[in-house]
Amino acid sequence: MTHFPNEQRDNLGERGDALVITPSGLTERRYQLERTFGGECAAALDAAVSPGDSFETLVVTQDGYTEVVFADPTAQEPNTSTVLDRLAVELEARLPDWIGLARGTYDLSALGTAPLPTSRVVRDAGVTGSLGNLFRAVVESNESHAVGTVGQLLCSRRHDGRFSVVCRVASDSFRAAPLGRRALTAAVAEPPVDALAKELPGEYRSSRELVQLYWETRESPLRSLSKSAVLHVRRAGQLPKGELEEFVQASPAARRALTLASGTRAYDNLLHGRSDPALYDPLEVEPTLTVSTSTLADLLAVVPLYTGTPIRGGGARSAPAFEPVETLREAVASPPRSKRSTQRRSPSPTSLLAWVEQWCREQSPTVTTVEDRSRGSPHLRGSPYGEAAPVVIVDPSASSTDPAVSAAGELIMVANRAVRAGEQLLVVTPSPSAAAWAGRVLAVPYDRVLETGHTVLYTVPDLIPDGTGGVFVRSQSSPTPTWQVSPESTKRLVSGGEVLAEGSLSTPLTELSFVLPRFSGDGDQIRVSRPDGRTDTFDTVAECTEEYAGISRPVGSVWPTFRGLVTVSYRDGHRLYAHRPDTQWSQSTAPATDLQTAIQTFVSTYTVQSTGTGAAQFNQVLDGWLHDQLDCQMPPEAMLALRLPARVSPRTGPAGDITALHGRDWRVPMVGCSLDRVNARTEAR
């Protein structure tokens, strides 16, 4: 295996010693050269690079031209690379005097934190062949769509005189790199434009194409809520099916192909200049090419190329920054390097909210901060999922001064609002553990189930008005009350076995009768009126809160589970990764369990024996829940019906689809309630 010396580079995007070629005629067209000098550049590399030496070539589109950069992956400071010393001499001798050369630092971090769709050239074992003028073709193809391009070659000289090469292309396309299962499903159903795949000779492939070999989409037999196709693995990407398993699993190769489709790791490797061959280990492809000097000459047929669209990324990205330390010669009729803009990217924001806002702006030009944010609202609008798609920051360990959502009840409020509006919510957390917490809350949007069969709801610390200008409170010495929903859809506030309020689930909080003290302020005096008719008075609110506490509001959910409807992610360093919770029906002894176990888990988790609506839209809820966790397509509904728990029978529609369940209802049946009712909104201030 070929090893490149820059695998441990820590400084994101910076090349400590780089040699930049600037074409002539950028300000006066009559000085533009009419032929390319790829052969001369390749001859210079052939003369300057000894066996065992490594170098990197970057091909970056600017405004109206393409910039070519050579860098030494081992150099940390300018003018310290002996390889570039020799290469500079060879280039000066071979290139026309009109072409400019400069040494300095080259920083790719301005390309942005959010990944650009990035592909790598791969080949089947034993395949050889010319790549042709690949970079030139890709740049010109992207230019026709006003798309910026970054090409990369990581080269190591072999002892036989040829070069081991990693070849990548990142495109500043109008479609963000997919994050999360729904985005990956869309990427498989409607593959984004991949200029590298389009321009590669037939013997080679783009790494982003590989996902199509292992995955496909079809309409779900359960009639998906989103009416879109669902993602499942092709037969060639399946592991052998066990005797008791009705769900097939994706093979390691299929899983890795799905990772490649997201492009996150490939983009990260491009910025760092890493080869990362292990990323392709499960796949039957060769990610490292062996090329001759003549192939390098073809690839470098972009010296010069008077075509290019600068990297923009909605205005939040920019072209890499070059800081010249030594100008070997100026390009004729082109701006001097000392006067050209070399603005560096500003330091990464310290707060998660500011970092996420920058990340979103790199992919959507319409990102706005939600001003005067109220409880249950997102922090941002505008993400890869849409111009006004909501984004919420979640951290269960956040302090009271941190704007992040830290309460499960408020997270559900945000999800309720997004799902009811038909929007894709992006949840961003600071760590994998925080993402796991958010994923559990959204998967099962209630606190717990008591032995009595009652379901305990999550709450938010908003006070409940008493209708006379005061609010309800409780004694600090009393057990903390909980809001519970009975199998008969009765809502109760219970404290230590005592029912303090009760009514139907659809009854507004302001219409319930509470057996609780009432807090009111009259002028400078604070009073708490007890249910027994006695009144306590206090001089200050602080004195009052030593004896009394407010009653939190319960929060229901507009959908029995948010699995499949919300994308949960976490920040890890300078990257954002989608979090996929564990399969809810997994068991330690059987990581891939059968259909019956899955259905029984779903029924027991989200439904309860009742005489209510029959768990209406059962098939749609089950569809989203299952397909968020499965690698395979669902079996026919007739098979599902046979796997229902004992004494649970389906209610079917005209087409034979399972629309509901006899004798069951959702644990918190609020699918048809208004958003204000579900989120327990009142007029309290």
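These numbers were taken from a predicted model, which means no experiment stands behind them.

Definitions and cut-offs
Residues take numbers from 1 onward in each chain, read along the sequence in its written order. Selection of residues for local features in this predicted model requires a pLDDT of at least 70, selection of side-chain atom pairs for listing and counting requires 80 or more, and totals for whole chains, interfaces and linings are taken over all residues. The side-chain values count all of the structure's non-hydrogen atoms but skip hydrogen atoms and water molecules. When DSSP locates at least two bridges between a pair of strands, those strands are taken to pair. Each helix is a run of DSSP H or I of at least 4 residues and each strand a run of E of at least 2, with the numbering of both proceeding from the N terminus. Between the rings of Phe, Tyr and Trp (Trp by its six-membered ring), a pair exists once the centres lie within 6.5 Å; its type follows the angle of the planes, with under 30 degrees stacked, over 60 edge-to-face, and the other angles tilted. Using a 1.4 Å probe on the protein chains alone, a residue whose accessible area is under 20% of its type maximum counts as buried, one over 50% counts as exposed, and one in between counts as partly exposed. Counting of polar contacts relies on pairs of N or O atoms within 3.5 Å, with two restrictions inside protein: one atom must be capable of donating a hydrogen and the other of accepting it, and residues adjacent in sequence are counted only when both atoms are side-chain atoms. Residues are treated as being in contact if the distance between any of their heavy atoms lies within 4.5 Å. Only one rule defines a salt bridge in this text: a Lys or Arg side-chain nitrogen within 4 Å of an Asp or Glu carboxyl oxygen. Nonpolar cores were defined as sets of buried Ala, Val, Leu, Ile, Met, Phe, Trp, Tyr and Cys residues, with membership established by side-chain atoms within 4.5 Å. Put simply, a patch holds well-exposed residues, over 30% relative accessible area, that have no salt bridge, with like charges counted together within 9 Å and Val, Leu, Ile, Met, Phe, Trp or Tyr side chains within 5 Å. All accessibility values rest on the Shrake-Rupley procedure with a 1.4 Å probe; residue burial counts only the protein chains present in the view. Positive charges come from Lys and Arg alone, negative charges from Asp and Glu alone, with His and the N- and C-terminal ends not counted. Positions of charges follow a simple convention, taking NZ of Lys, CZ of Arg, CG of Asp or CD of Glu. Helix axes use the C-alpha atoms of the stretch in contact, all axes being lines fitted to C-alpha atoms, and the angles between their N-to-C directions lie in the range 0 to 180 degrees. Note: crossing handedness is left-handed where the near helix turns anticlockwise from the far helix by less than a right angle, and right-handed where it turns clockwise. Nonpolar residues are Ala, Val, Leu, Ile, Met, Phe, Trp, Tyr, Cys and Pro. Charged residues are Asp, Glu, Lys and Arg, and all others, Gly as well, are polar. How sure the predictor is of each residue is captured by pLDDT, a score from 0 to 100. This arc is taken over the directions from the axis of the helix to the C-beta atoms. To estimate how far a helix should extend, the number of its residues minus one is multiplied by 1.5 Å.

### Focus: the sheet that holds strand β21 (residues 482–485)
The strands that make up a sheet pair up through hydrogen bonds in the backbone, lying either parallel or antiparallel.
Piece 1. The 5 strands lie next to each other as β17-β18-β21-β22-β23, forming an open sheet whose pairing is antiparallel. Every interior strand has two partners, whereas the edge strands, β17 (448–449) and β23 (498–504), have only one.
Piece 2. By the bridge criterion, 2 bridges tie strand β18 (residues 455–456) to β21 in an arrangement that is antiparallel. Paired with T455 across the strands is V485, a residue of β21.

### Some remarks on the packing of aromatic side chains
Piece 1. Scanning the model with the defined rule gives 14 aromatic pairs in all.
Piece 2. With a centroid separation of 5.5 Å and 70 degrees between ring planes, the pair formed by Y31 and W98 is classed as edge-to-face. Note that Y31 is positioned in the loop between β1 (14–22) and α1 (38–48) and W98 in the loop between α2 (82–94) and β4 (100–107), a separation of 67 residues in sequence.
Piece 3. Owing to a relative accessible area of 22%, Y31 belongs among the partly exposed residues under this scheme.
Piece 4. Owing to a relative accessible area of 35%, W98 belongs among the partly exposed residues under this scheme.
Piece 5. Both rings, one in F55 and one in F163, keep their centres 6.0 Å apart while their planes meet at 85 degrees; by these two values the pair is edge-to-face. Of this pair, F55 sits in strand β2 (residues 54–61) while F163 sits in strand β7 (residues 163–172), and the two are 108 residues apart along the sequence.
Piece 6. Given the relative accessible area of 2%, F55 is considered buried.
Piece 7. Ring pairs connect the aromatic residues W585, F602, Y606, F618, W625 and W666, which therefore count as one cluster.

### Regarding the side chain of T561
Piece 1. Mapped onto the fold, T561 is located in the loop between β28 (553–555) and β29 (566–572).
Piece 2. Among the polar contacts made by the side chain of T561, one reaches the main-chain carbonyl oxygen of A443 at a distance of 2.7 Å.
Piece 3. One polar contact links T561 to Y606, side chain to side chain, over a distance of 3.5 Å.
Piece 4. Residues within four places of T561 in sequence aside, it is in contact with L442, A443, P445, Y606, V621 and W625.

### Re the pattern of salt bridges
Piece 1. Counted by the stated rule, this structure contains 32 salt bridges.
Piece 2. For R317, the salt bridge is made with E362, and the minimal N-O distance between the two is 4.0 Å. Of this pair, R317 sits in the loop between α9 (293–299) and β12 (321–329) while E362 sits in the loop between α10 (352–361) and β13 (368–369), and the two are 45 residues apart along the sequence.
Piece 3. For E362, a relative accessible area of 2% corresponds to the buried category.
Piece 4. The structure contains a network of salt bridges with shared partners spanning R373, R375, E410 and D462.

### Some details on the environment of L622
Piece 1. Within the secondary structure, L622 sits in helix α15 (residues 618–627).
Piece 2. Each C-alpha atom of the pair L622 and V668 lies 16 Å from the other, and the pair is 46 residues apart in sequence.

### Quick look at the nonpolar core
Piece 1. Among the nonpolar cores identified, the biggest contains 95 residues, and W215, V427 and L626 are the most heavily contacted of them.
Piece 2. Those residues in contact with W215 that lie beyond four places of it in its chain are V188, L231, H232, V233, R234, A250, A254, R255, L258 and D631.

### Thoughts on unusual backbone geometry
Piece 1. In this model, V303 is joined to P304 through a cis peptide bond whose omega is -10 degrees.
Piece 2. Relative to the elements of secondary structure, P304 occurs in the loop between α9 and β12.
Piece 3. We note that A146 has phi near 55 degrees; this positive angle belongs to a residue other than glycine.
Piece 4. Mapped onto the secondary structure, A146 falls in the loop between α3 (134–143) and β6 (148–157).
Piece 5. On the basis of relative accessible area, A146 is assigned to the partly exposed category, the value being 41%.
Piece 6. Positive phi, close to 60 degrees, is recorded for A333, a residue that is not glycine.
Piece 7. Topologically, A333 is positioned in the loop between β12 and α10.

### As for a negative patch on the surface
Piece 1. The grouping of D539, E543, E546 and E547 at the surface amounts to a negative patch.
Piece 2. Within the secondary structure layout, E546 lies in the loop between α13 (541–545) and β27 (548–550).

### Here's the deal with the packing of helix α11 (residues 408–420) against helix α12 (residues 432–443)
Piece 1. Contact geometry for α11 and α12: axes closest at 10 Å, N-to-C directions at 65 degrees. Between α11 and α12 lies a crossing of right-handed hand. When α11 is examined against α12, the residues A408, L411, I412 and A415 are found in contact with a partner set consisting of W437, A438, V441 and L442.
Piece 2. Partitioning the contact of α11 with α12 into residue classes produces 8 nonpolar, no polar and no charged.

### Quick look at the confidence of the model for the protein
Piece 1. Counting all residues, the mean pLDDT for the protein is 90, and 93% of those residues have values of 70 or more.
Piece 2. Within the model, pLDDT remains below 50 along residues 588–592, and this stretch shows 3 contacts once partners closer than five positions in the same chain are excluded.

### A closer look at the packing of helix α14 (residues 595–606) against α15
For any two helices packed against each other, the geometry comes down to the angle between their axes and how far apart the axes lie.
Piece 1. Between α14 and α15, the least distance of the axes is 12 Å, while the angle of their chain directions is 115 degrees. Judged by the twist between their axes, the crossing of α14 over α15 is right-handed. Counted together, A598, I599, T601, F602, V603 and Y606 of α14 and F618, V621, L622, W625 and L626 of α15 form the full contact between these two elements.
Piece 2. Taken together, the residues of the contact of α14 with α15 sort by class into 10 nonpolar, 1 polar and no charged.

### Some details on the sheet that holds strand β26 (residues 535–538)
Piece 1. Pairing within the open sheet is antiparallel, and its 5 strands lie in the order β26-β25-β24-β20-β27. Of all strands in the sheet, those bounded by a partner on one side alone are β26 and β27. Taken pair by pair, the neighbouring strands of this sheet meet at an average axis angle of 40 degrees, ignoring direction.

### Section: α3
Piece 1. Of all the residues in α3, the buried ones are L134, F135, V138, V139, S141 and N142. Buried residues along α3 cover an arc of 165 degrees about the axis, so they all sit on one side.

### Thoughts on α2
Piece 1. A rise of 1.5 Å per residue sets the reference length of α2, with its 13 residues, at 18 Å; its end C-alpha atoms lie 19 Å apart and thus fit the reference within 8%.
Piece 2. A distance of 3.3 Å separates the backbone nitrogen of V83 from a side-chain oxygen at the start of α2, and that oxygen is part of S81.

### Structural notes on the side chain of T57
Piece 1. Tracing the backbone through its elements, the reader meets T57 in strand β2.
Piece 2. Residue classification places T57 among the buried positions, given a relative accessible area of 1%.
Piece 3. Apart from residues lying up to four places away in sequence, T57 is in contact with V68, V69, F70, G151, Q152, L153 and L300.

### Some details on the pairing of β7
Piece 1. By the criterion of burial, β7 is predominantly enclosed, with 10 of the 10 residues buried.
Piece 2. Where strand β5 (residues 118–123) lies against β7, 3 bridges are found, and the strand directions are antiparallel. Note on β7: the bridge partner recorded for S119 is V169.
Piece 3. Between β6 and the antiparallel strand that follows it, β7, lie 5 residues; G161 among them carries a positive phi value of about 95 degrees.
Piece 4. Bridging between β7 and strand β11 (residues 289–291) involves 3 bridges; their strand directions are antiparallel. Residue pairing in the sheet places F163 in a bridge with V291 of β11.

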